[in-house]
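Below, each chain spelled out in residue letters.
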Amino acid sequence: MEIEKKLVEQCKKGDRKAQQEIYSLFCKSMYVVCQRYSKSQLEAEDILQEAFIKIFNNIKQYRGDSTIGAWIKRIVINTALNSQRSKLYMFPMTDVEALENENEGDFSLSKFHFKELLAMIQSLPEGCRIIFNLFAIEGYSHKEIAARLEISEGTSKSQYSRAKGLLRNMIELEEKMSYERAR
Amino acid sequence: MSERGKFENEWRAIFEGAEDQPSDKVWSEIKAEVATMEAKKQRNKVVYWRWFGAAASAVILMMVGVYSFNSFYNNVPIKRDQFSLESENNSGVKNGVTPDSSSENNHRVEEKVLAIEKLNKEPDNKPVKQVKRVLNNNKDEVKTSSSKKTKPKEGALSESKKITLLTTNNTEEDNASVVKKESMPSSIATMHTNENMEVDYLPFIDSVGVLAQLNTDIYMQQVVDLTELFKHKNKKHNNLWAGLSMGGGSFNPNVNGGSFGNTVFESTASNLSAFDYTSKSVAADQAVESPSFAYNFSMDFGKFVSRKIIIESGVEYAKYSSQASSNLTSNVNQAPEVFLRNTNVNSFSLSDLQTANTYQLLNSYEYISIPISVGYVLFDRKIGMLISSGFSSDLFLNNTLQDQSGQYASSVQKNGGDSPFRPININALVGGEIYYSWNQNYVIAFDPGYRVSLTGITKQEANFKSHPSSFFLGLKFKYLL
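Residues numbered from 1 in each chain as written. Chains lettered and ligands numbered in written order. Predicted model: local features only at pLDDT ≥ 70, side-chain atom pairs only at ≥ 80, totals over all residues. Heavy atoms only, no water.

Draft legend 1. Quick peek at helix 1 (residues 6-16) of chain B. When we look at burial in helix 1 of chain B, the residues that qualify are B:Phe7, B:Glu8, B:Glu10, B:Trp11 and B:Phe15. The buried residues of helix 1 of chain B occupy an angular sector of 160° when the element is viewed end-on, so they sit on one face. For helix 1 of chain B, the elements touching its buried residues are helix 2 (16-37), helix 5 (114-122), helix 6 (126-137) and helix 8 (153-182) of chain A. (Buried < 20%, exposed > 50% of the residue type's maximum accessible area, 1.4 Å probe, protein only. Helix = DSSP H or I, 4+ residues; strand = E, 2+ residues; numbered from the N terminus. Arc of directions from axis to C-beta. Contact = heavy atoms within 4.5 Å.)

So, in structure tokens, the structure goes:
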């Protein structure tokens, strides 16, 4: 933590080496975040680049209220959301009730590598991919998502429900295929 | 829809510590973009200061204008023996006629005065005002009075031809408070006459009810003549002048371009092959210089060679600065010194360099300049404007590299054999002045100027080139001899 604080102070003075160290420290985890919100690696790298430019240009505004990691992640997510914003207008609506009350008792992802799951998320349609990320992984409530994306809470729930259904299907399919391969 | 459950927790756990390496080009593009943004911010700061300077000078000029206006309007005392009549108070003390009044006019006025006095003596009549008519340009001042007591005249009359009105009774203090200029019809207050125009104003004044009822002395304030500011001065244009000035502005070292580029070393330098790229590889992109401040002080003198042309020269001390970042220090001396680029013409060894964390530095140059310029006066009133251009010989004093964090020792390069800087470099100057003059002898001027080095400030054999330019906004005070 002390090292991070020192690096931040040096970054505030425009120290290029400190900037590089901050980047090295956080780029790998943030790259995964970017990939979760985008459809391809190329798009994810663009978001990562744009986010870190914003981070270094605005690092003087970081007051240490949260950890630097949390502050960086917030900027990365905001950048990702902004880059996807235009696509959010194309949300298709689905029936919320249809997918409720699923039995999650034996659900497990432990058999999967995160890159396999990442590929599944990337294959989701734009709108529900974003809402899935915000709800399931970042931990936002539907109310917060609705306010943030300027959509209704119902839309957020619909989209999440849709994402969840699609991912379940993909996981089941993958499990079936692995089982077939094992036989 | 239920809130978070096992499904969500599983996903969250999987991605909590997930990491993946992005390609190297992401960092290189971030680095380039951040450097560009920083340079842009620096440029914006300079632009901001330029605008600030321009706005400040505009405000100062406005203040000078308002002050001048107020001086004319309020502070110039009315010379009563020139512009107005002495009041005829209740005790019967009366004004006289100026000695240079013509006898013809006197006779005419006396006739009118007698008529007025006659009217005043009649109980039913309201007091009658006295009228003074001033014909300024031929110094023909006529005053009405019941007595012919004269007063010595103190000075020449104004050029403007105005009529000043005066009524009798009360002290002048009372009059000043009672009589407002605004209460007069402007046509009366500012009435101008032709030189030989003779008008009998009495009937006209009598018809002005306001004046008649006041029954008091009315001193019409001298009407402001804004054209005063723009009147031709009757000064001698072969005047010499001496002055002092100071200015501030921005300085751009212009080290971009040429074979040097923005790199620490000249690409063709023979010793570049010895450079250890593994440990000092980032050196080349750290030496971008951006513009910073400049200021100067000077003593000037000049001469009007004709009504429109002036020549001026002087001696000027100037300090110019630019900002840069570096990740190298020089270890030639005991303590590590700031290093930006090789500034030693004769001997230089890469082994003297050490890599360091990137630090910001201030690169300052000090010069003594001897400018000579020719100016053309666009207009010359109390407020005037001229444009000028010329040359300046700049004598190099020193170049100082200063670490702004104070971590490393400053590096000072003085004039001499090893210095890469020319002992003298020639600059082209363009500028102008907006000035205000008063009392025939004093001038205050704002002089924006731009200068660019024609020869460059570096020697031929130096391994980098710099053709700096600077923009100044100065304040100049001149005394006309």
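Anyway, onward from the coordinates.
Draft legend 2. Structural detail: the pattern of salt bridges. What the rule picks out here adds up to 17 salt bridges over all chains. In this structure, A:Lys164 engages B:Glu8 in a salt bridge whose closest nitrogen and oxygen atoms are separated by 3.5 Å. Note that A:Lys164 is positioned in helix 8 and B:Glu8 in helix 1, a pairing that runs across two chains. Look at A:Lys164 and you get buried, because its relative accessible area is 9%. Residue A:Glu174 is joined to A:Arg181 by a salt bridge in which the shortest nitrogen-to-oxygen separation is 3.6 Å. Exposure remark for A:Arg181: the relative accessible area of 56% places this residue in the exposed category. (Salt bridge = Lys/Arg side-chain N within 4 Å of Asp/Glu carboxyl O.)

Draft legend 3. Just a nonpolar patch on the surface, in detail. Residues and elements named next belong to chain B. Taken together, the side chains of Leu240, Trp438, Phe477, Tyr479 and Leu481 make up a nonpolar region of the molecular surface, amounting to roughly 470 Å² of accessible area. Here Trp438 shows up in strand 11 (residues 424-438). The exposure class of Trp438 is partly exposed, given its relative accessible area of 32%. (Patch = residues over 30% accessible without salt bridge, like charges linked within 9 Å, V, L, I, M, F, W, Y side chains within 5 Å. Areas by Shrake-Rupley, 256 points an atom, 1.4 Å probe, with all protein chains shown as cover.)

Draft legend 4. Here's a closer look at the pairing of strand 5 (residues 289-304) of chain B. Residues and elements named next belong to chain B. Examined bridge by bridge, strand 4 (residues 240-252) and strand 5 share 12 bridges and lie antiparallel to one another. Each residue of the ladder has a partner; that of Gly249, found in strand 5, is Ala294. With 14 bridges connecting them, strand 5 and strand 6 (residues 309-330) associate as antiparallel partners. Across the sheet, the residue bridging to Phe301 is Ser313, located in strand 6. Here strand 5 folds back onto strand 6, and the loop between the two strands holds 4 residues. (Pairing = 2+ DSSP bridges.)

Draft legend 5. A look at the side chain of B:Asp403. Relative to the helices and strands, B:Asp403 resides in strand 9 (residues 383-403). Excluding its chain neighbours within four sequence positions, the residues that come into contact with B:Asp403 are B:Val338, B:Tyr359, B:Gln360, B:Leu361 and B:Tyr408.

Draft legend 6. Highlighting the environment of B:Asn357. One can find B:Asn357 in strand 8 (residues 353-380). What makes B:Asn357 partly exposed here is its relative accessible area of 35%. Look past the residues within four positions of B:Asn357 in its chain and what remains in contact with it is A:Gln10, A:Asp15, A:Lys17, B:Ser326, B:Asn327 and B:Tyr408.

Draft legend 7. Structural context of the packing of aromatic side chains. A complete count under the given rule lists 26 aromatic pairs over all chains for this structure. Aromatic side chains B:Tyr442 and B:Phe477 sit 6.2 Å apart centroid to centroid with 25° between the ring planes, which places their arrangement in the stacked category. One end of the pair, B:Tyr442, is in strand 12 (residues 442-453); the other, B:Phe477, is in strand 13 (residues 469-480), with 35 residues separating them in the sequence. Looking at B:Tyr442, the relative accessible area reads 27%, which means it is partly exposed. Pairwise contacts between aromatic rings join A:Phe114, A:Phe132, A:Phe135, A:Tyr160, B:Phe7, B:Trp11 and B:Phe15 into one cluster. Over the ring of B:Phe15 we find A:Arg36, and its NZ or CZ is 5.7 Å from the ring centre. Above the ring of B:Trp241, the side-chain terminus of B:Lys478 is found at 4.2 Å from the ring centroid. (Phe/Tyr/Trp six-rings, centres within 6.5 Å; stacked < 30°, edge-to-face > 60°. Lys NZ or Arg CZ within 6 Å of the ring centre and 35° of its normal.)

Draft legend 8. Focus on helix 5 of chain A. Taken together, the buried positions of helix 5 of chain A are A:Phe114, A:Leu117, A:Leu118, A:Met120, A:Ile121 and A:Gln122. Buried residues belonging to helix 5 of chain A abut helix 2, helix 6 and helix 8 of chain A together with helix 1 of chain B.

Draft legend 9. Structural view of the environment of B:Ile309. Residues and elements named next belong to chain B. Along the chain, Ile309 turns up in strand 6. Since its relative accessible area comes to 28%, Ile309 is described here as partly exposed. Each C-alpha atom, one on Ile309 and one on Val374, is 7.1 Å from the other, the two residues being 65 residues apart in sequence. Those residues within four positions of Ile309 in sequence are excluded, and the remaining contacts are Lys303, Phe304, Val374, Gly375 and Tyr376.

Draft legend 10. Region of the structure containing the interface of chain A and chain B. At the interface, 54 residues of chain A touch 34 residues of chain B. For the pairing of chain A and chain B, the buried interface totals around 4,300 Å² over both sides, and the portion due to carbon and sulfur atoms is 61%. The interface formed by chain A and chain B includes 4 salt bridges. Notably, a salt bridge pairs B:Asp20 with A:Lys115, separated by 3.3 Å at the nearest N-O pair. Along the contact surface separating chain A from chain B lie 9 residue pairs in polar contact (both at pLDDT 80 or more). (Buried area = accessible area lost by both parts, 1.4 Å probe. Polar contact = N/O pair within 3.5 Å; in protein donor to acceptor, adjacent residues only side chain to side chain.)

Draft legend 11. Representation of the confidence of the model for chain B. All names here are of chain B. Of the residues in chain B, 54% reach a pLDDT of 70 or more, and the chain-wide mean stands at 68. When pLDDT is averaged over each helix and strand of chain B, the minimum, 39, is found for strand 3 (residues 163-166) and the maximum, 92, for strand 9. Segment residues 126-224: pLDDT under 50, and 227 contacts once partners within four positions in sequence are set aside and those in other chains are kept. Across residues 257-286, where pLDDT falls below 50, the model places 57 contacts with residues more than four positions away in sequence or in other chains. (pLDDT = per-residue confidence, 0-100.)

Draft legend 12. View of the packing of helix 2 of chain A against helix 4 (residues 68-84) of chain A. Residues and elements named next belong to chain A. Interhelical geometry of helix 2 versus helix 4 gives an angle of 35° and a closest axis separation of 10 Å. Considering the relative orientation of helix 2 and helix 4, their crossing is right-handed. Contact with helix 2, carried on its side by Ile22, Phe26, Met30, Val33, Cys34, Arg36 and Tyr37, involves Ile68, Gly69, Ile72, Lys73, Val76, Ile77, Ala80, Leu81 and Gln84 of helix 4 and no other residues of that element. Looking at the contact of helix 2 with helix 4 residue by residue, the class counts come to 12 nonpolar, 2 polar and 2 charged. (Axes fitted to C-alpha atoms, helices over the stretch in contact; angles between N-to-C directions. Left-handed = near helix turned anticlockwise from the far one by under 90°. Nonpolar A, V, L, I, M, F, W, Y, C, P; charged D, E, K, R; others polar.)

Draft legend 13. How the structure looks around the packing of helix 2 of chain A against helix 5 of chain A. Two numbers describe how helix 2 of chain A lies on helix 5 of chain A: the axes approach to 8 Å, and their chain directions differ by 35°. Contacts between helix 2 of chain A and helix 5 of chain A involve A:Val32, A:Gln35 and A:Arg36 from the first element and A:Phe114, A:Leu118, A:Ile121 and A:Gln122 from the second.

Draft legend 14. Looking closely at the pairing of strand 8 of chain B. Residue and element names in this part refer to chain B. Looking at chain direction, strand 6 and strand 8 are connected through 19 bridges and run antiparallel. For Ser313, the partnering residue across the bridge sits in strand 8 and is Ile372. Two strands pair when backbone bridges link them, and strand 8 and strand 9 are joined in this way by 19 bridges, in the antiparallel orientation. Bridge assignment links Leu361 to a residue of strand 9, and that residue is Asp403.

Draft legend 15. Summary view of the nonpolar core. By size, the foremost hydrophobic cluster in this structure holds 64 residues, and its most contacted members are A:Phe52, A:Phe56, A:Ile72, A:Phe132, B:Trp11 and B:Phe15. Looking at this core, you find at least three residues from each of domain 1 (2-84) and domain 2 (114-182) of chain A. Among all residues touching B:Trp11, those that are not within four sequence positions of it are A:Phe107, A:Leu109, A:Leu117, A:Ile121, A:Phe132, A:Ile137, A:Leu167 and A:Ile171. Membership of the second largest hydrophobic core comes to 11 residues, among which are B:Phe251, B:Ala294, B:Phe396 and B:Phe464. (Core = buried A, V, L, I, M, F, W, Y, C linked by side-chain atoms within 4.5 Å. Domains from an automatic or database assignment.)

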